[in-house]
Every structure is written in C-alpha cells, then in structure tokens.
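Residues per chain are reported as follows:
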Amino acid sequence: MESWANVIMKKAFKHGSQNTIDQLKTIGRELSMGTQGNWLSSKEYLDLVKAIGEAKSKAEEESIVMAEIEHLKKRIMEPDVPRKKMKEYIIRLVYVEMLGHDASFGYIYAVKMTHDDNLLCKRSGYLATTLFLNEDHDLIILIVNTIQKDLKSDNYLVVCAALTAVCKLINEETIPAVLPQVVDLLGHPKEQVRKKAVMALHRFQQRSPSSMSHLLTKFRQILCDKDPSVMSAALCALFDLVSADVKGFKNLTASFVSILKQVAEHRLPRAYDYHRTPAPFIQIKLLKILALLGAGDKHASENMYSVLMDVIKRNEPGKGDPGSNITNAILYECICTITAIMANSKLLGLAAEITSRFLKSDSHNYKYMGIDALGRVIEINPDFAEEHQLSVIDCLEDQDDTLKRKTLDLLYKMTKSSNVEVIVDRMISYMRTLSDAHNKTEIATRIIELTERFAPSNQWFIQTMNQVFELAGDLVPVKVAHDLMRLLSKGAGEDDEEADSLLRSSAVESYLQLLAEPKLPSILLQVACWVLGEYGTVDGTHSADDIIGKLCDVAEAHPGDNVVKGYAITAITKICAFEIGAGREVELIPECRSFVDDLLASHSTDLQQRAYELQVFFGLGADLVRKVLPVNGSGEEIEFDRELPFLQEFVDSALANGARPYLDENERLGVDSGMSSFVSSSRSHHEPSHGLRFEAYETPTAAIPSGSAAAPSSLLPDFEESVTELTRSVRNQTDSSQVDLLGPEVARLRLDGVQRKWGRTSGSSQPSLAPTPASEQQRRDSGVSEGASSNKESSPAEPRHEIYSSSFEGKKVEREIPAEKQRLAASLFGGSSVQKGSSGGVKGGVKASKAAGNVRPGEKGVPPRPAAGSGKKKNWSAAEPKQASSSLMDLVDMSGDDSLPVHDAKASYDPFKELEGLLGVPSTAASSTSVGLGKSTMDFMSLYDSAPVVSQSASSLAGDSDVLSLSHRRSGGMDGANGVEGGLIDLNILPSLSPLAGLGELAQSSSSLSPSTGVSDKKGPSRQHSLQKDAASRQVGVTPTGANPALFQDLFG
Amino acid sequence: MIHFVLLISRQGKVRLTKWYSPYTQKERTKVIRELSGMILSRGPKLCNFLEWRGLKVVYKRYASLYFCMCVDADDNELETLEIIHHFVEILDRYFGNVCELDLIFNFHKAYYILDEVLIAGELQETSKKSVARVIAAQDTLIEHAKEQSNSLSNIIAQATK
C-alpha cells in the first residue's frame, strides 16, 4: 500500500503542479491511515499520543496517563481479548511505562504474549518483557521455558528475538537452563545468531563467571570467526576476561595485534567503515584490550609499537585539520593505550602531540578529552604539564561545568605540597557552586584526602576542614570529624606543647566565631562542641560561663538533634569538671540549669545518663573529679582489657550450669552460615520469611535443565527446602546468643526462639553490668572513641608525588600572560616561580610577537598585552582558515560528520551565498528566525567580518579579544534565545547578541545547508517523505503549523 | 558498557528509554528528571559530556531531540558520541529523513532497531548495512506472517459462517 502511495507521489512530483500535490496530500492522508493501521489499528492509541503531546502541563499529562492506565486495566483483563488488540494494549503499556508510570498489572500479559506462536506477537511480547522486567523479577521464571523453546526454533528471527531477551532477562539462577542451547547456537549458520549468542555468553560471564569457567576457550575460538561482527562481539567478552585475568591471555597478544593491523589496513568489508574510517569501534575495542595486555609487560608492549604507530599515522589528520570525531576517538584511545603500556619515547611523543592538539582545539569536547589525556600523559612525564598550563587554567575557568570538573580531577592528580593550598582553594570555591549531594561528597572526599596528605600546617588543615564541614555538612563521613578532633588533641605529634596550645586556642576562637552563624551542619556543631568543651577554658581568655552559655545556645538551636545535644552536655560536663578540679566554685547559669533539667527528663536514655553524670560531678570532691576528667585528657591512650576478667566468675558459673561456651564472631560464622554477627541477631526474626521467598524461586532452576520446567511440580521440593530454611534460621537466632540454654531439637525450637527473645536482654547486658574505670573513661568522650580505636596515621604528607615535585621545580612561565593567570599558573605548576616567570616573560613575549608576526602579517598592531593568551588563539585560528572553519563546524552537533570533508574542500565559500541560503531556508525556519535576523542585520555583517575564514579584518576583533572572549563567555548563557520552537534548530539558537557565538552558528547552518553531503545522499527523496509524514500527521491530527512543529524536523537538521 | 539510553525532547518529554543496568521504576523516573534537567539547561557550545554519579552521560542534540547514553567512567566519550550518531544514521536510513514524529508513533520500531545496534549494553553491530538487512528481514517476515494469519483467519471465518 505504501509503495502505491509512493508511486502516486512520484508522479505528482513529475508533473509538479501545486494543485495536484495538494490533492495528493489528501489521498496520502487517507492512504497513510492504512499504513498506520499496519501495526496499530486503533485510533485510541494515536489519540492518546496526541493528547499527551499536546498536554500543557505535567499535571495534565499525568491525568491523561492515569486515565489510560485505568482504561487499559479494565480492557486487558477482559476475557478473550483478540490477539491483535492485546498486542496493541501491550504496546500502549510500554508507552505508559516509558512515561514513568507503573504498569506492573500488565506484565503478566506481556509474558503471556511471548508464548504466542505468531512471530509478530512473540516479538512484541519479548520487547515488552525486556522493557518491563529487570533480571530479578519474579515473572522471569515463567518465561524461561518459552525462551528455551524459541532458542531451538528453525526460524532465525525467532532465535534472535529469544537471544535478545536472554541478554536482558536471564539471571544468575536461570543461566544453567539456557546455557547449553546458547552455546550450541555458536555454530549457527546465520552470523546474526552467532553474534547474539556470543553477546549472551558475555552477559552470562558478567553475571556469573563461575558458571562460564569451562567455556573460556570458546571465546578464543570465536575470535577466529570469519564474520567481523561475530569477531567484534567476542572482543567485548574478551575485554572483560582479560581485565579479570591478564596472565591467562598474554598469548593472544600477537593475535590482537594482527587483527588490529588488518582492521587499520582496511581489510574488512566496506560495510564496516564508519565515515570512511575502517571499523573504528573494533579498533577502539582492540586498543583497550592491548592496553590491558601491555601494562607492565615490556615484551608484550614491544609487539604493539609498530601497530600503534600505524594506527596513529592513519588517523592523524592533516596539518590544520581537527579531524573527525571518530578518528579522534581512536587517537584518544591510542593515548590511553600508550600511557598504559610500557611505551617507547617515540610513541609517548606522539601521545603528547595529540594531547596538545586536543587541548588547543576550540571544541569543548576535544578540550575535555585533552584534559583527560593530559592527566594520563603527566603520570609518565610530569614535565609535560607546564607546556599546557595556560590551556589548563583556561579550562579551569571555563563556564562549562563538566570541563571544570575534569580539570579539577587533573589538578587533583597533580597536587603536591607546594600547590595544595591553591588547588584546595579552587576545589572549595567550586564546591560552593554545587548543589547535588553526589558531586559534593566526591569533591569533599578529595579535598579531605589532599588536605590530610599535603597540609602545610595544622592551622590550615583545621580551617580547610571547617570549610568542608560547613559546605558539605553531613555528607562528610563522621570519621573525618574524629580525625580532626584527634589531631587537635594529639597536637602536631612533636613535643611542642606551646604550638599545640596555640593551635587549640585558635581553633576555639574560630569555632566561637562560627557558632555565631545561623545554620550549621550537625557534624560541624559536634566538632565545635567537643573543641569548646575540651579546650574552651584552657587558655583562660574565655570564662566557663561564656562557653557554657554558647553551648546551651547551640543545644537550644537544635532541639531535634540528639547527637549535638549529647556533645553539648558532655562539653558542659567537662568544663564544669575542669572548674571543680581547679578548686573553683561552680554555679550553673540559669539557662544551663533548665537545659540540664530538660535532659534529665529526656526520652533519650543516653542524654539522661549524661545529664545525671553532670549532676554527680557536683557532689564529688576536686581530687576525684580531676582523676575522672583530667584537663587535656583526650590525648591519652585508653587501656582496655578485652578479656573482661571481672566477668570470669559469672561465665564459669553459667558454663557449669550447662551453657554453651562463647564463640567469637568468626567462629560462629564458620559454624552456621546464616548468622553474621551478634548484632544482627536482632534482625533475625525477619529472616525466615526472607529465606522462604527467595528459595521458592530458586528451585525451579534446578528442575529446568532436566527438561520439564513445569512450575507446579517444582513447588514441592521448594516447600521442603524452605521449611528447613525456616528451622535453620530459627536456630541461628538461638545460636547467636553466647549462652544457649536450650536443647537442639528442631521441633521445640520455634517456641524456644520466642522465649529467647525475652531472655536475650540479660545476655547482652552482661558486658556492661559492672562498668570499669576503662569503660567509664571511654564513655566520657564517646565521640572520640571510634576515631581513637581506628588508630589512623595522622602524619599527612605521604610523598607519593615526590617524583613530580622535583621536576616541577625548574619551571618557568613562558608566554606573556595576564598577571593574575600567571600567578595562578605559577602557584599551580611551579610553586615559587613568579620571579622566574617574569624573567622568562620577556623571552616569551618576544616569542609570542614573533609568532604573531610569522603567522599574520596584518597582525602587527597587536601588542603583547595581558590578553595575549586568548588573543593568540585567534591568531592561530585565523592563520589556518581551513582548520578554523572545520573546527568550528565540529562544534556543531547537528551536521553529519560526512559533511566535513566536503566543507574542507570548499573552504573559500562565498559568505553572501551562505547568508542567502540561510535566509532562504523554507517555511518555518525562516519565519522563526526572522525576529533575530531583523533585529541585527548589521550584526550579521559584522559576524562575517569577524569570521577568520572569510576576512582578514578579524584581526581587529582579535586585537580586542578581551571583549570577544567576554561575549564568548556570555554566549553560553544565551541558551534562552532558543525559546522559539519551530524551524531549523541551528537557526533557533542563533544568539543575536554575541558575535562570536553567532559565528559558530553560521558555520553550523551552512554545514547543514550544504548540498549533497554523504548523509543526505543516502536518504530517500526527502520531499516525498515529508509529504507522507505530513499526511500521516494530518490523519493523526497534528499539523506542522500546530502546537509543536519541531516534531517534524528532520533529525539531521 | 552502556547503562541506559534516553531520548528526550527539548520540552523534557521522554521519547524512548532503554535500561541495560537494573533500575527500579522509581529510580528511572528520578534519573530521567535529574538528567533532563541537567542536559536541557546546557548551552549549545559546551561539551557533550556530563559526569554524573560516578558515570558519564554523553548526549547529542539532533533537531529537537536529545539522544543520551550513560556509560562507565572509563569509556571513550568520543566513541559513545559516534555510537549515538551511528544509531541516528540507522534510524534515518530506516525511516527516511527521520524526525521526532516518527519516533513518537513508531517507538516500538525504534526499540527493535536499537536492539539490533546495542545488546546488553554493548555495541553489537557496527555495520549499518547488516542492521538494515536484519530489520528488513523482520519486517518482511512479519508482513508475510500477517498475511498468512489473515488469510487463515479469513478461511476459518468463512468456514464457520
């Protein structure tokens, strides 16, 4: 039917009369009703999509979808729904689920549909199930039988559909059920089937390596498959295998090298070319594997040298040409491989060269890759960084968040003690701009790591930590706070008491200041309370009442936070104790009195206890108090006798009465696998039901390989097993307590288990029956105890980056750069090289101007001034128009990469032609942009003036590069200009304010307008298609001029 | 490995989702909301990558549609960008000047095509030709099966009359 429509339309084009076309549109509409009906006959579905598409608000969409769900629920459950209808319902369910709503009521119908004999239905069923179900879904078991059957089908399409489902649905438990059949399919005559079978095996390998161990040789065999797609599928699996076990695959190195060589030499069929590059995806995969094989292996690496050279040579673009995305992808992968293996200097040189090219590129994508590559290269050759310091700083200050983060990653790798302050400062200011928890945690962890490793002084360490706590708050692990407290209590580690007390008083001051701020994260408050309690009154500048008042304020401001309250009351206790210990009379201030009274009646026993302890101190003598809470006692080692000898008597008598001896955690684990620790015994009551549910779905797996996978028959063994499971876990529960007073009979156990629940308290409270001085001490600063026991090395500067520091020493700033940047560069890359930088600056200035002279005779007017950093970039791009034009185009996402070479060839195009073309874009495009165009025709002209491709007068703009770069910056924020929906998108995003940004857009639009590019060649006659689509859409009721004409845009722009 | 593929329109409407790693429905909604917010707000000249929860999201805009793929942190971003382009080219070849509307009304076909390009989170076929061939084979076979079943049901219908 469709083809008939095509014939008519083609005729219409031949005759060309507008009238006939209009008539035919109507016919087309009616015809397309038929073609639409090919797969979905119902108008209901089309209406649904249309309604959702036209929904004005999220709430409206929501209500439409909810109604649809209700409707489907009703319809799908009707008896005897015809197959075709059912298929449609399922597709609609997929749609609903895709929009983020729950369609779980229909899953079972999708599963049922896979049982259908009709391939069409079966495929829809598989599609829906793979989209609906995760591998751990309960319904999977129902589909295994069908998959088994389909894997044996004669029709390879059925087998393919089943294999696709296998990849998604088969979980660890069900692998044995299908594994033999999938392995058999490796010998299938159709390469699609073989390929999918390999991918399925790869998936199995990921899920459960143990079940695949006997098949490892298979993957080696597949590597020799005559079909390239099967071979490349094997590469995915081999990559995983090699990364798991490099040694076992060393002998394949030569094979991989020779495959890569052949691929690079274009020996594969043309069909595998991608934009004229031979099988790039296969090349990249191979390079990844080689990187694994060559790492730390001189011999294997040497075998790769020549092929790596070859690959680079073939993909390296000509001078001034940025190259296509895909060749750069390969080159980037080459860098990764070169830096991973033991490469020779020649390859490293090439890697460095490519990295520089990426970094100098105008495209943010390449800059990003360049920063990443730089991080890899400097791990081998740290000197390389200084050459690119300006690019790095540019990236660091870029408005692009991704690029900024990547650069921070790089700096993180480059950190050493001389630049840690600058880098951490940058990281903290970046953290200020973040809002999401994940990123913040990551950055905070890094800052903490760097500060711990490289901190130049304790003072700085504490300040940085406070900032981190303030910004990241509760995302910081508690351990870090404990480390900080320990640092304060232990001091610098040397016996320099004076420095320590200075440090402590400065900490007290800083926290007193901090506490004035209204909103602080809990963890910072905890640290502050602890510090104030421990050292608040030590140096005598603050009176006890002051500090206690502050602490009460803190507790009062956070009525919901029991931890902070606990810290506050403990701190108050300590201060009071110090006062009493010093022989002074202590009279609690009224607000503190009421705070303590509150806590005495608190629901939290912990807080109550602390408050009571405080009260007790008032009744004790000064000597005793001094013993219990000595001044600056937190630094002392606490001795703790793990044997608890005072309990021995009790244990002995229990044993004598027939109790079982205590087993420690590891022994218990060895004895019964179910119980992990004493603590988890409280949870064990839930375990029976847990075990029951999982077991029920496990057993059919075992039953399936035997052939008949009927679920009901397998329920019986299930049940048995779950019963044993139940009893086992009940036993675990009893085993878990140290003193098991009960007999082992299973029959009695259930009841006993309940009994034990009540009895347990006595068992667990044993250790705390008689508090020793030690445990008392421990509770005293329970906040620190965790940290103290973990006993981490607090000496920070572990010199992993020692190698770097020496090589960074002798660096100098080469070019003339803005003073601020220069300073930054110096502090980042060279420590104290400011002086050297200025002396080198003269040389650099000469160099820069000389370069400018060489490159552009018309450029003489540009003085070596602060902006030369960015100015230089302009020179460079203007000097090589071809490179500039195509790199600009490369920024442009919408143009097919096919079109690039075409543009290179016509680098000298007529700008006015392009402008005409721009304006001449048919229909919606023109209308939607006319606003922007009308506003600034002048702008357009200046745009062309400024385009380096077109005119030499770019120099005037380049000279004024400050302004330019400024507007360039601003252009990023100009996304708002895209408000207009219709028309070509590249015209849409034309920002009328920014000349430079507009330039990119122009190049973009010109590339999309270019005639006969590779992509458009391959497409069908576009007018004809658009007519059909128009007809289809009219039938649906959506018109190009309607609410959302963007829907009709050809994706390639 | 690719963890998921998303197609989002400029208005933030979901056009296609495919999850290769397990995500619950709740997580999916959250991921989509989070990512579409991040991606749609990015300017046109910024790079096409996002670092996100320890993974990387590579996106590319085609007309009014954003194609996004989430890959591991150590995957090659430029390659992923080209995988997206590869997929779009195949869609384009199949639909002939593919536009958003095609994907809306034929989203299940887009799924079938995606299944031929990617499998289990890996690129399975790098030859456009062979993808086109399989899809065509499926289409004709289905057509064929359909006719058959139609004629069969016709016969039955007539016989039972």
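Here is what the cut-offs are and how they apply
Residues numbered from 1 in each chain as written. Chains lettered and ligands numbered in written order. Predicted model: local features only at pLDDT ≥ 70, side-chain atom pairs only at ≥ 80, totals over all residues. Heavy atoms only, no water. Contact = heavy atoms within 4.5 Å. Buried area = accessible area lost by both parts, 1.4 Å probe. Salt bridge = Lys/Arg side-chain N within 4 Å of Asp/Glu carboxyl O. Helix = DSSP H or I, 4+ residues; strand = E, 2+ residues; numbered from the N terminus. Nonpolar A, V, L, I, M, F, W, Y, C, P; charged D, E, K, R; others polar. Pairing = 2+ DSSP bridges. Axes fitted to C-alpha atoms, helices over the stretch in contact; angles between N-to-C directions. Patch = residues over 30% accessible without salt bridge, like charges linked within 9 Å, V, L, I, M, F, W, Y side chains within 5 Å. Areas by Shrake-Rupley, 256 points an atom, 1.4 Å probe, with all protein chains shown as cover. Lys, Arg positive; Asp, Glu negative; His and termini not counted. Charge placed at Lys NZ, Arg CZ, Asp CG, Glu CD. Buried < 20%, exposed > 50% of the residue type's maximum accessible area, 1.4 Å probe, protein only. Expected span 1.5 Å × (residues − 1). Polar contact = N/O pair within 3.5 Å; in protein donor to acceptor, adjacent residues only side chain to side chain. Parallel < 35°, antiparallel > 145°, perpendicular 65-115°, else oblique. Left-handed = near helix turned anticlockwise from the far one by under 90°. pLDDT = per-residue confidence, 0-100.

*Asks:* I'd like a rundown of the interface of chain A and chain B, residues and numbers included.
*Replies:* One frequent convention defines the size of an interface as the accessible area lost when the parts assemble. The interface is formed by 102 residues belonging to chain A together with 92 residues belonging to chain B. Interface of chain A and chain B: buried area, both sides summed, is about 9100 Å²; carbon and sulfur atoms make up 56% of it. Sorting the residues of chain A by area buried against chain B places M98, R123 and L1051 of chain A first, and these three jointly supply 9% of that buried surface. The interface formed by chain A and chain B includes seven salt bridges. Put simply, E116 of chain B and K196 of chain A hold a salt bridge, and the shortest N to O gap is 3.0 Å. With eight residues, helix 11 (residues 191-207) of chain A is the largest single contributor of residues to the side of chain A that touches chain B. When grouped by side-chain class, the residues that make up the side of chain A that touches chain B number 44 nonpolar, 32 polar and 26 charged.

*Asks:* Go over the sheet that holds strand 4 (residues 55-62) of chain B, please, and point to the residues and values.
*Replies:* Residue and element names in this part refer to chain B. Taken in spatial order, the five strands line up as 2-1-5-4-3 in an open sheet, and their pairing is antiparallel. In this open sheet, the two edge strands, each paired with only one partner strand, are strand 2 (14-19) and strand 3 (49-52). Here the strands of the sheet are splayed against their neighbours by 15 degrees on average, with no regard to which way each runs. Summarising the sheet, strand 1 (residues 2-9) and strand 5 (residues 65-71) pair through seven bridges and their orientation is antiparallel. Paired with L6 across the bridge in strand 5 is C68.

*Asks:* Quick one: what's the story with a negative patch on the surface, residue by residue and with numbers?
*Replies:* Residues and elements named next belong to chain A. Together, D553, E556, E591 and D598 line one region of the surface with negative charge. Of all elements in the fold, only helix 30 (544-557) and helix 32 (590-600) reach the threshold of two or more residues within the negative patch. Locating D598 in the fold gives a position in helix 32. Among the residues examined, D598 registers a relative accessible area of 56% and is labelled exposed.

*Asks:* Which residues make up the pattern of salt bridges, and what are the values?
*Replies:* Applying the stated criterion to the full structure yields 37 salt bridges over all chains. One salt bridge connects R376 of chain A with D372 of chain A, and the closest N-O pair in it is separated by 2.9 Å. Of this pair, R376 of chain A and D372 of chain A are both found in helix 20 (residues 364-380), four residues apart, which corresponds to roughly one turn of the helix. Residue R376 of chain A is classed as partly exposed on the basis of its relative accessible area of 27%. With a shortest N-O distance of 2.4 Å, K56 of chain B and E77 of chain B are connected by a salt bridge. Of this pair, K56 of chain B sits in strand 4 while E77 of chain B sits in helix 2 (residues 77-95), and the two are 21 residues apart along the sequence. Considered together, K56 of chain B and E77 of chain B belong to a single accessibility category, that of buried residues. Linked through salt bridges whose partners overlap, the residues forming this network are E68, K85, E88 and R92 of chain A.

*Asks:* Account for the pairing of strand 3 of chain B, naming residues and giving values.
*Replies:* All names here are of chain B. Here strand 3 shows a buried face lined by F49 and E51 and a second buried face lined by L50 and W52. Note that strand 3 and strand 4 share four bridges and pair antiparallel. By the bridge assignment, E51 is partnered in strand 4 with K56. Turn length for the strand 3-strand 4 hairpin, with the two strands adjacent in sequence and antiparallel, is two residues, and the turn residue R53 shows positive phi of about 50 degrees.

*Asks:* Before we move on, can you summarise helix 31 (residues 562-581) of chain A with the specific residues and values?
*Replies:* All names here are of chain A. Relative to the 28 Å expected for 20 residues at 1.5 Å per residue, helix 31 spans 28 Å between its end C-alpha atoms, a close match to the ideal helical length. Within helix 31, 18 of the 20 residues are buried, which leaves the element mostly enclosed by the surrounding structure. Two to three positions downstream of the cap, the backbone nitrogen of V563 sits 3.2 Å from a side-chain oxygen, assigning the N-cap of helix 31 to D561. Phi turns positive one or two residues past the end of helix 31, at G583, with a value near 85 degrees.

*Asks:* Provide a residue-level description of the environment of H438 of chain A, including the pertinent values.
*Replies:* Along the chain, the position of H438 of chain A falls in helix 25 (residues 437-454). H438 of chain A sits in the partly exposed class, given a relative accessible area of 30%. Taking the C-alpha atoms as reference points, H438 of chain A and L475 of chain A, separated by 37 residues in sequence, lie 8.8 Å from one another. The contacts of H438 of chain A, once residues within four sequence positions are left out, are R53 and G54 of chain B.

*Asks:* Tell me what's going on with helix 5 (residues 83-98) of chain A, and back it up with residues and numbers.
*Replies:* All names here are of chain A. With 16 residues, helix 5 should reach 22 Å at 1.5 Å per residue; the first-to-last C-alpha distance of 22 Å fits that figure. With 13 of 16 residues buried, helix 5 is to be regarded as a mostly interior element. Looking one or two residues past helix 5, G100 carries a phi angle of roughly 95 degrees, positive in sign.

*Asks:* Tell me about unusual backbone geometry, and name the residues and values.
*Replies:* Glycine aside, residues mostly have negative phi, and peptide bonds are mostly found in the trans state. Residue and element names in this part refer to chain A. Look at D80: it is not a glycine, yet its phi comes out positive at around 55 degrees. With respect to the helices and strands, the residue D80 is situated in the loop between helix 4 (58-76) and helix 5. Assessed through its relative accessible area of 76%, D80 is described here as exposed.

*Asks:* An account of the packing of helix 27 (residues 478-490) of chain A against helix 29 (residues 522-535) of chain A is needed here, citing residue identities and associated values.
*Replies:* All names here are of chain A. Contact geometry for helix 27 and helix 29: axes closest at 10 Å, N-to-C directions at 20 degrees. Between helix 27 and helix 29, the angle is such that the two are roughly parallel. As for how helix 27 packs across helix 29, the hand of that crossing is right-handed. Contacts from V478, A481, L484, M485, L488 and S489 of helix 27 reach helix 29 at I523, V527, W530, V531 and Y535. Counted by class, the contact of helix 27 with helix 29 contains ten nonpolar, one polar and no charged residues.

*Asks:* Hey, could you go over the confidence of the model for chain A for me, with residue numbers and the actual values?
*Replies:* All names here are of chain A. Chain-level statistics for chain A give a pLDDT mean of 69 and a share of 59% at 70 or above. The least confident element of chain A, judged by mean pLDDT, is helix 53 (residues 985-988) at 36; the most confident is helix 16 (residues 280-294) at 93. Note that residues 701-720 has pLDDT below 50 and, in this model, 16 contacts with residues that lie over four places away or in other chains. Low pLDDT (under 50) marks residues 831-1021, which in the prediction has 247 contacts with non-local residues, meaning those over four places away or in another chain.

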